[in-house]
Amino acid sequence: MKKLLLIATSILLFAFTATIALAQTVNSPNDAAYIKDNYTKYEYQIPMRDGKKLFTSVYVPKDQSKKYPIMMDRTPYSVEPYGIEQYKNALGPSPLFLHDGYIFVYQDVRGRWMSEGIYREMTPELEQHKTNQDVDEGTDTYDTIDWLLKNIPNNNGKVGVWGISYPGFYTTTALLSRHPALVAASPQAPIADLYRDDAFHNGAFMLVANFGFYPFFTNRQDDKPTQRRGGKVEYGTPDGYKFYMDMGTMRGSNTKYYKDTIRLWNEMMDHPNYDQHWKDRNVLTHLHDIKTAVLVTGGWYDAEDLYGAINTYKTLVKDNPASHIYFAMGPWVHGGWARGIGDHLGDVDFGATTASFYREKIEFAFFSHYLKGTDTDIPKISTFETGTNEWKNYSMWPPKQAEDKNLYFLPGGKLSFNPPTGNGDSNDAFISDPNKPVPFIDEITLDMKREYMTADQRFAARRPDVLTYQTDVLDHDVTLAGNIWANLKVSTTGTDADWVVKVIDVYPDTSKNNKFTDKNTFMSGYEQMVRSEAMRGKFRNSFEKPVPFVPNQVSPVNFELQDVLHTFKKGHRIMVQVQSTWFPLIDRNPQVFENIMQAKPGDFKKATNKVYTSKAHPSYLKVRVM
């Protein structure tokens, strides 16, 4: 549920600007004047089937000599500015749409800002709607489209919907309206399963991404429309690591700050397991019988909703084989394709203006074809291969050419496609201390800085509580294409433990700095993170029913790290790091089996954790190699 209405308030909001709906920031200063000169703004309260009314802003071209398709964005982040004399400074996914001529529609979703109703986070979707009281985002979209077609003059009868992050979820649910006029939709970085996207990753709570977001997001908790903004947290320090350590426990979020006043935050605290609350908020189970053409967009370095983009695409293709489903993935952070040029992230140079290419050649071409009938030859799969920095097109994802292989952890910190051969019970041990957790980034910040997704990991490799495995210097390019699965054999002296796995591209010592390299950084020997993920060990068998570890007993811990398309070039090495803390990106595990949301300060214990590297107990990554 992340970013880009850039709300200008201090460092606090940088801690969760990723959580604000994306407004266009690629427009030129002249676009605001162009909008006023060429569009007329209207505001409506559009009635839904259950009687609730949703506030909707509509921008109609003044040139009424032809008919226009409708482009709609439904959002929980406000359609501001309010008032028919107050105009947005940008319309549509990019200025290409603004100057090409569309009817642009923005709607506050049910229960948010100026719309009526009670807000429910990731509204549970219904398979059946037997009465007018059986409403969800699909029915709200259907009723909105129906009203627009009947009441907005000069529309051509075709509707497109787009949105990024939370609006991406509302774009996905627009598909569930199954309205015949909805001919094109682009869910971009959509939340798909709130438990797997923003709230938890494999049971580990995404602390820094959520803590500052909910006070800001909570501007109302009733059914009364408002233009009032939410609140903010007074951190009292620029050091997020210090702040969250001082907070102490997850209970401290309420005892010290929220005072149990934020309903949506408490819903997360009350449901640490994957129970019915979360199952109801998994929209993927409803994505069948979709006739609309869909362009799913995501970023390889999306720290918020990588899971949503990848799995929305995979589910749509699997369950709607006859539909026109497109997939675009570039080297972007959350929403990065909609702003800037996408030529780098942190120290890493992508060598191309990837975002502007996407906006023109993929996104604009997609909607123009389905809404205006223009010619197009958009590939079904448009993916940017990092490492080589090239766009690659495929007919399916993952590519059928990718072959499953295992990348084994070996004694002595080695990593190899050859399995261990020794008959002993080799392992690597480290002491994990939740009171001295490994930081997720090597700088002082309150933010979940998206640069961590490509950041140099040498600072972590130097810690005694981080295990490191790496290949010999590669004598040929190795391209990974598709999802990665960690298959670990582990033990702990505690009864619970987190397991963090990071896949890293190690640059040769001859590598030179590029124009984006920080002045205090050297690309020589750089350890670029390519993919990473956490797993809360007690969920290793089931996210619904956690179980403790038996101290010192070897246990399998298997989990997905999501997809990549990355080439480890000749002369580089592949590295894997394993650790048990990653702070404050994820919350701290006390390393005792309990409800962590209710843990007390004295519960946090040191533990000796082991990763096994033997023939009898092999640990490895299952990867797809081109």
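Residues numbered from 1 in each chain as written. Predicted model: local features only at pLDDT ≥ 70, side-chain atom pairs only at ≥ 80, totals over all residues. Heavy atoms only, no water.

Chemist: Explanation requested: the packing of helix α4 (residues 137–151) against helix α5 (residues 166–175) in the structure shown.
Modeler: Two packed helices can be described by the angle between their axes and the distance between those axes. With their axes 8 Å apart at the nearest point, α4 and α5 run at an angle of 75° to one another. As far as their axial angle goes, α5 and α4 are roughly perpendicular. Of α5, the residues touching α4 (which contributes Glu137, Gly138 and Thr141) are Phe169, Tyr170, Thr173 and Ala174. Across the contact of α4 with α5, the residue classes tally to three nonpolar, three polar and one charged. (Axes fitted to C-alpha atoms, helices over the stretch in contact; angles between N-to-C directions. Helix = DSSP H or I, 4+ residues; strand = E, 2+ residues; numbered from the N terminus. Parallel < 35°, antiparallel > 145°, perpendicular 65-115°, else oblique. Contact = heavy atoms within 4.5 Å. Nonpolar A, V, L, I, M, F, W, Y, C, P; charged D, E, K, R; others polar.)

Chemist: What am I meant to see in the confidence of the model for the protein chain here?
Modeler: Detail in the predicted coordinates should be disregarded across regions flagged by low pLDDT. Residues with a pLDDT of 70 or more make up 96% of the protein chain, whose mean pLDDT is 94. The low-confidence segment residues 2–25, where pLDDT is below 50, has 88 contacts with residues more than four positions distant or belonging to other chains. (pLDDT = per-residue confidence, 0-100.)

Chemist: I'm lost on the nonpolar core in this one. Help?
Modeler: If you look at soluble globular proteins, the nonpolar side chains tend to sit buried side by side. Counting 119 residues, the largest nonpolar core has Phe211, Trp265, Tyr452, Trp499 and Leu621 as its most contacted members. For Phe211, the residues in contact, after removing those within four places along its chain, are Val233, Tyr235, Phe243, Tyr244, Met247, Ser253, Tyr257, Tyr258 and Trp265. In terms of nonpolar packing, the next biggest core, distinct from the first, is built from 37 residues, Leu91, Met114, Ala184 and Trp332 among them. (Core = buried A, V, L, I, M, F, W, Y, C linked by side-chain atoms within 4.5 Å. Buried < 20%, exposed > 50% of the residue type's maximum accessible area, 1.4 Å probe, protein only.)

Chemist: What's the story with helix α14 (residues 354–372) in this structure? I'm lost.
Modeler: For an α-helix, the turn length of 3.6 residues means that residues three or four places apart are oriented alike. Under the 1.5 Å per step criterion, the end-to-end length of α14 is 25 Å for 19 residues, consistent within 8% with the ideal 27 Å. Helix geometry: α14 is bent most strongly at Phe364, by close to 35°. (Expected span 1.5 Å × (residues − 1). Bend = angle between axes of the 7 residues up to and from the residue.)

Chemist: Explain helix α11 (residues 263–270) here, please?
Modeler: With six of eight residues buried, α11 is to be regarded as a mostly interior element. Three or more residues of α11 are buried, namely Leu264, Trp265, Asn266, Glu267, Met268 and Met269.

Chemist: In this structure, what is going on with the sheet that holds strand β9 (residues 293–299)? I would like to understand it.
Modeler: Each strand in a sheet pairs with its neighbour through backbone hydrogen bonds, running either in the same direction (parallel) or in the opposite one (antiparallel). Reading across the sheet, the ten strands line up as β1-β2-β4-β3-β5-β6-β9-β10-β13-β14 and stay open at both edges, with mixed pairing between neighbours. The sheet is open, and its two edges are formed by β1 (39–47) and β14 (390–394), each paired on a single side. Taken over all neighbouring pairs, the strand axes of this sheet differ in orientation by 20° on average, direction set aside. As paired strands, strand β13 (residues 381–385) and β14 are joined by five bridges and run antiparallel to one another. From the neighbouring strand, Thr383 faces β14, where its bridge partner is Lys392. (Pairing = 2+ DSSP bridges.)

Chemist: When you look at the environment of Phe549 in this model, what are you seeing that I'm missing?
Modeler: On the secondary structure map, Phe549 appears in the loop between β21 (527–536) and β22 (555–568). A C-alpha to C-alpha distance of 63 Å links Phe549 and Ala33, two positions 516 residues apart in sequence. Not counting chain neighbours up to four residues away, the residues in contact with Phe549 comprise Val490, Thr492, Gly494, Thr495, Asp496, Ala497, Trp499, Gly537, Lys538, Arg540, Ser555 and Val557.

Chemist: Help me understand unusual backbone geometry in this model?
Modeler: Outside of glycine, negative phi angles account for most residues, and trans bonds account for most peptide bonds. The step from Glu80 to Pro81 runs through a cis peptide bond, and the omega angle for that step is 5°. Counting through the fold element by element, Pro81 comes out in the loop between β3 (68–75) and α3 (95–100). In the segment running from Phe583 into Pro584, the intervening peptide bond is cis, with an omega of -5°. Structurally, Pro584 is set in the loop between β23 (573–579) and β24 (607–612). For Met122, which is not glycine, the phi dihedral falls at a positive 45°.

Chemist: What should I look at first to understand the pattern of salt bridges in this one?
Modeler: Evaluated as defined, the whole model comprises 26 salt bridges. Lys279 is the salt-bridge partner of Glu544, the closest N and O atoms lying 2.9 Å from each other. In this pair, Glu544 is assigned in the loop between β21 and β22 and Lys279 in helix α12 (residues 276–279), connecting sequence segments 265 residues apart. For Glu544, a relative accessible area of 41% puts it in the partly exposed group. (Salt bridge = Lys/Arg side-chain N within 4 Å of Asp/Glu carboxyl O.)

Chemist: Before we go on, may I ask you to explain the side chain of Ser57 in this structure?
Modeler: Structurally, Ser57 is set in strand β2 (residues 53–61). If we ignore the near neighbours within four places in the chain, the residues touching Ser57 are Lys41, Tyr42, Glu43, Val79, Phe104, Val105 and Tyr106.

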